[in-house]
Amino acid sequence: MIEIDGITKRYDGITVVNNVSMTIEPRTVTVIVGTSGSGKTTLLRMINRLVEPTAGAIRLDGDDNRSMPGFELRRRIGYAIQGHGLFPHRTVAQNIATVPVLLGWNKARIDAKVTELLTLFQLDPAAFANRFPHELSGGQQQRVGVARALAAEPNVLLMDEPFGALDPIIRAKAQADLLAIQRLLGTTIVLVTHDMDEAFHLAHKIAVMDKGALVQYGRPAELVKDPATAFVQTLIGTSERPFRLLSIETAGDAVEPGPAEGQPLAETVSQRDALSELLWSGRAALPVAATDGTILGRVTLEGLTRRAAKPQ
Amino acid sequence: MKRPGPQKGSRPEWDGDGSLSIRFDKLGVVIALLIAYAVLAAPFATFRANRIVPGDAKGILQALPAGAGMLLLALMAGVALVVLLKTPTRLRLFAAAAGLAAIAVFIGMAATFLTPPANSYARVSPASGFWILLFSFALLAADSITRMRPLPLVRLLLLVMTLGGAAVVLTSGLWDGLSILKEYSGRADVFWLEAGRHVTLALGSLFAAVLVGLPLGILCHRVAPLRAGVLNTLNLIQTIPSIALFGILIAPLGWIAVNVPGAAAIGIRGIGAAPAFVALFLYSLLPVVANTVVGLAGVPREANEAARGIGMTDRQRLFGIEFPLAMPVILTGIRIVLVQNIGLATIAALIGGGGFGVFVFQGIGQTAMDLVLLGAVPTVVLAFAAAIVLDALIEMNAPQRERGRTA
Ligand SMILES: Nc1ncnc2c1ncn2[C@@H]1O[C@H](COP(=O)(O)OP(=O)(O)OP(=O)(O)O)[C@@H](O)[C@H]1O
Ligand SMILES: [Mg+2]
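Attention now moves to the interface of chain A and chain B. If you look at the interface, chain A gives 22 residues, while chain B gives 22 residues. Summed over both partners, the interface of chain A with chain B buries about 2,000 Å², with 63% contributed by carbon and sulfur atoms. When residues of chain A are sorted by the area they lose upon contact with chain B, Phe87(A), Pro88(A) and His89(A) head the list and together hold 26% of the total. For the salt bridge of Arg45(A) with Glu305(B), the shortest nitrogen-to-oxygen distance reads 2.3 Å. At the surface where chain A touches chain B, the tally comes to seven residue pairs in polar contact (both at pLDDT 80 or more). When contributions to the side of chain A that touches chain B are tallied by element, the ones reaching two or more residues are helix 2 (70–76), strand 6 (77–81) and helix 4 (98–102) of chain A. Looking at the side of chain A that touches chain B residue by residue, the classes come out as eleven nonpolar, five polar and six charged.

Written out as structure tokens, the structure reads:
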């Protein structure tokens, strides 16, 4: 659990983060959104103390994050940034091994971890371990960057616009991978992004920053239903509201009993994608299949329409 | 920008219609002209009745026994032909090596031939034609080696082979008749003593400059307000002429020698090796500090950011990330300093600091050019060798990222 308690940061009298308080539940994904310069990065960097706050405190599982030296704290918290920040003179394996080496793990354990992470991120260890970063594509570099952040098995992973530099197709893949890995490892992720689609796709909770202040912090559905300010409403986009609602949950969550004709949908696709599929196929219902292929039931145009309506 | 006409380098020697098309090498034309001039119009060796009288220039045919002279002419013509045409690079390198070996052997032969028997006053030295040939072949060798892009290790090997060849010629006695070696034979002990001093002075001041300059560079990188001041001061020092700097140093070092206990005992004096060492050290600081600052500034911001973000301490970041990434640039600075110091150390002789400069200035004083050469030639060879070694080191160190592909 991360407790941010009345945190403020001022540079030369200018307040860039203003008295922000929020509690981040363990094993969840929290996404921080807001316009450029609203203080998202600064807030994120105060969690691992790359930036020291002017006032307030941050507690990790109850312990003040100032109870240990900054570098030690940072070895326990994963950190991934836009443009990956890989070390150009070190191989992929050496990059990933950075923090384990700093922590003094033995070689066997480090090697095992590197292999495990490369496999997890779908990079063949035999082909990639000894390559240098410039020998990877942008998407591969990004994955190595995240793998490096996860190498010391941190409970918390901070990500600052991690997918900002990727093209839409690779980005969608990277998001899906991140969610899968987050579920697998149970990591608490705090992620900064400009992309509202990304926020709704990934977030358990969304924090909206505006001019240094936290204007709303809640579940995605709450933001759509009750935007705290006009700014939040603009950010979500008035015409996007029904689709935002549908992009939060999966087709599996909308399954109804009953038969349906046609190509089954995977239960993991978002309801938004399911709706799109229904509209495109011209059908009123489509079957939903689990990953093992068994048919769970169906999604219907009518059911999804109900779910897209303003919550009462 | 496509132009009509044959593609460079891709056309066969024989055209389709069977006519021979001869293609010239651009640099080769220049080198061949130089060779032709050196062989036909310039003297190969100079004969003097003693070491200071004006000499008597001799062409190749006069300087060598009849058969040998013709042979050298033929060899030179052969090399010129290889150079002139577009020939394979390996052949060109071989021609350069053969040319060098030939003039090395024949200049020794000329010395024996021209010196009257049992005359220890007569002097035979290489003349302008020899030097032009030497320059031409060196240029050809450098050009061929550059075209072949050898690995750093191969370049080092070539250097060792060249120096080894020179050592063999020197110890074989082939050149013993040459004036420069006659100068050497009279002062072999002093020569090696001064050589030792020269190297100590050049390397010692470099070492001191790295020891001080690296931390200073790091400090300038981390503490921005310091940067401009330090670099400007070092720049200013760089503009002081060396003789003036020696003069400036005499007073403070003399004062230290008199007033600081023990200073005189370790050799600190107003003149001698101490001011020379300090001057070289001061000149060396700017390239070392400036290149350290530039190198560190060139480290990608994201790499630094990530290093901090994942929990490296400042020291770990410096040694693990910043230094390795800045190393090629820092080494370039060190290379500049080393070559510069080997040259500048010659000046140390002016204030009694020793080194090869001793022979240069003695030679100038006695108008004995051979003695000047005894100081100058080893200095040039040393500087060249140092440059080649450091270039190879830089290349071995720099594109680790590129080499990763093949490793
Ligand atoms: N070291 C610093 N010194 C002074 N001002 C700073 C510093 N770092 C950030 N700021 C200011 O703080 C404000 C918030 O910056 P921050 O990087 O947190 O914004 P952000 O929300 O992450 O923006 P973006 O979406 O563009 O990344 C900006 O106005 C920025 O200029
Ligand atoms: Mg930011």
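Turning our attention to the packing of aromatic side chains. All names here are of chain B. By the definition in use, this model includes seven aromatic pairs over all chains. On the basis of an interplanar angle of 65 degrees and a centroid distance of 6.1 Å, the ring pair of Phe44 and Phe130 is categorised as edge-to-face. Taken together, the residues Phe44 in the loop between helix 1 (26–40) and strand 1 (45–48) and Phe130 in helix 5 (residues 128–148) connect sequence positions 86 residues apart. You'll find Phe44 and Phe130 in the same group, each marked buried. Here the aromatic rings of Tyr184 and Phe191 are separated by 5.2 Å at their centres, their planes lie at 85 degrees, and the arrangement is edge-to-face.

In this section: the environment of Arg92(B). All names here are of chain B. You can see Arg92 is positioned in helix 4 (residues 89–114). Judged by relative accessible area, which is 1%, Arg92 ranks as buried. Taking the C-alpha atoms as reference points, Arg92 and Leu178, separated by 86 residues in sequence, lie 29 Å from one another. In this structure Arg92 touches Asp25, Gly28, Val82, Val83, Leu85, Thr87, Leu140, Ser144 and Arg147, once residues within four positions along its chain are discounted.

Counting residues in hydrophobic clusters, the biggest one holds 87 residues, and the most contacted among them are Ile2(A), Ile4(A), Leu43(A), Ile96(A) and Met159(A). Among the elements that take part in this core, helix 7 (residues 138–150) of chain A stands out by supplying five residues, more than any other. The next biggest cluster of nonpolar side chains, apart from the first, holds 49 residues, and it includes Met76(B), Ala96(B), Ala195(B) and Phe356(B).

All right, on to a nonpolar patch on the surface then. A cluster of nonpolar side chains, contributed by Trp131(B), Leu134(B), Leu163(B), Val377(B) and Val381(B), occupies part of the molecular surface with about 360 Å² of accessible area. Positionally, Val381(B) belongs in helix 15 (residues 369–397).

This part covers the packing of helix 3 (residues 66–84) of chain B against helix 4 of chain B. Residues and elements named next belong to chain B. Where helix 3 meets helix 4, the closest approach of the two axes is 10 Å, and the angle between their N-to-C directions is 160 degrees. Accordingly, the angle class assigned to the pair helix 3 and helix 4 is roughly antiparallel. Here helix 3 runs over helix 4; the crossing is left-handed. From helix 3, Ala68, Leu71, Leu72, Leu75, Met76, Val79, Val82 and Val83 reach across to helix 4, where they touch Leu91, Arg92, Ala95, Gly99, Ala102, Ile103, Phe106 and Met109. Looking at side-chain class alone, the contact of helix 3 with helix 4 contains 14 nonpolar, one polar and one charged residues.

Attention now moves to the sheet that holds strand 11 (residues 265–266) of chain A. All names here are of chain A. With respect to topology, three strands assemble into an open sheet ordered 11-12-13, the strand pairing being mixed. Single-partner strands in this sheet number two, and they are strand 11 and strand 13 (295–300). Docked against the sheet, helix 13 (residues 271–281) engages strand 11, strand 12 (285–289) and strand 13, running at close to 135 degrees with respect to strand 12.

All names here are of chain A. Mapped onto the elements, Ala290 comes out in the loop between strand 12 and strand 13. Note on Ala290: relative accessible area 15%, which makes it buried. Spatially, the C-alpha atoms of Ala290 and Asp124 are 28 Å apart, while their sequence positions differ by 166 residues. Non-local contacts of Ala290, meaning those with residues more than four positions away in its chain, are made with Glu267 and Leu296.

Thresholds applied
Residues numbered from 1 in each chain as written. Chains lettered and ligands numbered in written order. Predicted model: local features only at pLDDT ≥ 70, side-chain atom pairs only at ≥ 80, totals over all residues. Heavy atoms only, no water. Contact = heavy atoms within 4.5 Å. Buried area = accessible area lost by both parts, 1.4 Å probe. Salt bridge = Lys/Arg side-chain N within 4 Å of Asp/Glu carboxyl O. Polar contact = N/O pair within 3.5 Å; in protein donor to acceptor, adjacent residues only side chain to side chain. Helix = DSSP H or I, 4+ residues; strand = E, 2+ residues; numbered from the N terminus. Nonpolar A, V, L, I, M, F, W, Y, C, P; charged D, E, K, R; others polar. Phe/Tyr/Trp six-rings, centres within 6.5 Å; stacked < 30°, edge-to-face > 60°. Buried < 20%, exposed > 50% of the residue type's maximum accessible area, 1.4 Å probe, protein only. Core = buried A, V, L, I, M, F, W, Y, C linked by side-chain atoms within 4.5 Å. Patch = residues over 30% accessible without salt bridge, like charges linked within 9 Å, V, L, I, M, F, W, Y side chains within 5 Å. Areas by Shrake-Rupley, 256 points an atom, 1.4 Å probe, with all protein chains shown as cover. Axes fitted to C-alpha atoms, helices over the stretch in contact; angles between N-to-C directions. Parallel < 35°, antiparallel > 145°, perpendicular 65-115°, else oblique. Left-handed = near helix turned anticlockwise from the far one by under 90°. Pairing = 2+ DSSP bridges.

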